[in-house]
Each structure stands twice: as structure tokens, then as C-alpha cells.
Amino acid sequence: RFAQMLLACDPRLLLCTPGQVQKARALLEDWQSHANDRSMDRELWEAKRIVEASVHPDTGAVIPMPFRMSGYVPFNGPICVAMVASTSTAPILFWSFVNQSQNALV
């Protein structure tokens with residue numbers, strides 16, 4: 001489970017373009033034509049990883065980058081730093097709201 005979570009949180013998945021996500025989705029939909037080709041195993045697993053990290057499982061819509069698990073640290077890190085660095089109540093409340101909103105959407 002830990003290794004699977006590390007793979008899902010890999011920030012390199014943020015670099016996948018929508019075209020690459022669609023190509024990976026098409027490859028997974030047509031996996032049976034590659035079932036006997038053992039040289040496609042690595043590509044199929046990578047396509048599965050890209051689709052699971054980038055596509056909502058219920059709706060099939062592509063998830064915006066800040067709300068993917070792979071974007072949690074790069075997008076939420078600066079929010080947490082701003083929240084901790086705030087010295088008065090208003091900025092702390094603002095950054096806490098932004099942090100909780102980000103957490104809810106991931």
C-alpha cells in the first residue's frame with residue numbers, strides 16, 4: 001500500500017499533458033489487443049498509473065493539476081508555509097480556509 005501511494009503521489013505525473021492522459025486511457029481501453037504481447041506490460045502499467053492519477057474514477061473527467069494526489073505537496077506546501085508564517089488572525093484564517101479547501105478538493 002505504501003509503495004502504491006508513493007507512485008500515486010509522484011509529482012512527475014503533473015507533467016502529463018491532456019494528450020498523454022487520453023493516449024494512456026485509449027491504451028487501457030484497448031488492453032486486450034496487447035494481452036499476449038509481454039513487451040507492452042511496462043507501458044500498460046504506466047498508462048494505468050497515469051489514468052488513475054489524472055482521471056476521476058466516477059465521472060471520467062480529467063482532474064485539474066492542483067487537486068490531484070500528485071499535486072498535493074507542490075501546491076499545498078506553499079499554502080502551509082504561508083499559514084505558519086502568518087502573524088495576525090486575518091491571514092491565519094485566510095490561509096486556513098485555503099488549506100482546508102485544498103484538502104477537501106484533493
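Participant: Give a detailed account of the packing of aromatic side chains, specifying residues and quantitative values.
Facilitator: Taken as a whole and assessed by the stated rule, the structure comprises one aromatic pair. Their ring planes at 75 degrees and their centres at 5.0 Å tell us that phenylalanine 94 and tryptophan 95 sit as a pair that is edge-to-face. You can call phenylalanine 94 partly exposed: its relative accessible area is 47%. A relative accessible area of 26% means that tryptophan 95 is categorised as partly exposed.

Participant: Requested: an account of the nonpolar core, with residues and values cited.
Facilitator: Nonpolar side chains tend toward joint burial in soluble globular proteins. By size, the foremost hydrophobic cluster in this structure holds twelve residues: Leu13, Cys16, Val21, Ala24, Leu27, Met40, Leu44, Ala47, Ile50, Val51, Ala53 and Val55. At the level of secondary structure, the elements contributing two or more residues to this core comprise α2 (18-29) and α3 (41-54). No other element matches α3, which puts five residues into this core. Ignoring anything within four residues of it in the chain, the contact list for valine 55 reads Val21, Arg25, Gly60, Ala61, Val62 and Ile63.

Participant: So, the side chain of serine 54: which residues are in play, and what are the values?
Facilitator: Mapping serine 54 onto the fold places it in helix α3. For serine 54, a relative accessible area of 0% corresponds to the buried category. The residues touching serine 54, leaving out its near neighbours within four places in the chain, are Val21, Ala61, Val62, Ile63 and Arg68.

Participant: So, the packing of α2 against α3: which residues are in play, and what are the values?
Facilitator: Remark: α2 packs on α3, axes separated minimally by 8 Å, with the N-to-C direction vectors making an angle of 120 degrees. Accordingly, the angle class assigned to the pair α2 and α3 is oblique. In the crossing of α2 with α3, the sense of the turn from one axis to the other is left-handed. Between α2 and α3, the residues in contact are Val21, Ala24, Arg25, Leu27 and Leu28 and Glu43, Leu44, Ala47, Lys48, Ile50, Val51 and Ser54, respectively. Each residue belonging to the contact of α2 with α3 can be placed in one class, and the counts come to eight nonpolar, one polar and three charged.

Participant: So, the pattern of salt bridges: which residues are in play, and what are the values?
Facilitator: Note that side chains of opposite charge can pair when their charged atoms are close. Counting across every chain of the model gives four salt bridges. Arginine 12 is the partner of aspartate 10 in a salt bridge, and the nearest nitrogen-oxygen pair spans 2.8 Å. Overall, arginine 12 belongs to the exposed group, its relative accessible area being 59%. Note that glutamate 46 and arginine 49 form a salt bridge whose closest N and O atoms lie 3.3 Å from each other. Here the residue glutamate 46 and the residue arginine 49 both occupy positions in helix α3, the gap between them amounting to three residues, near one helical turn. Look at glutamate 46 and you get partly exposed, because its relative accessible area is 34%. One connected set of salt bridges, linked through shared partners, spans Asp10, Arg12, Glu46 and Arg49.

Thresholds applied
Residues numbered from 1 in each chain as written. Predicted model: local features only at pLDDT ≥ 70, side-chain atom pairs only at ≥ 80, totals over all residues. Heavy atoms only, no water. Phe/Tyr/Trp six-rings, centres within 6.5 Å; stacked < 30°, edge-to-face > 60°. Buried < 20%, exposed > 50% of the residue type's maximum accessible area, 1.4 Å probe, protein only. Core = buried A, V, L, I, M, F, W, Y, C linked by side-chain atoms within 4.5 Å. Helix = DSSP H or I, 4+ residues; strand = E, 2+ residues; numbered from the N terminus. Contact = heavy atoms within 4.5 Å. Axes fitted to C-alpha atoms, helices over the stretch in contact; angles between N-to-C directions. Parallel < 35°, antiparallel > 145°, perpendicular 65-115°, else oblique. Left-handed = near helix turned anticlockwise from the far one by under 90°. Nonpolar A, V, L, I, M, F, W, Y, C, P; charged D, E, K, R; others polar. Salt bridge = Lys/Arg side-chain N within 4 Å of Asp/Glu carboxyl O.

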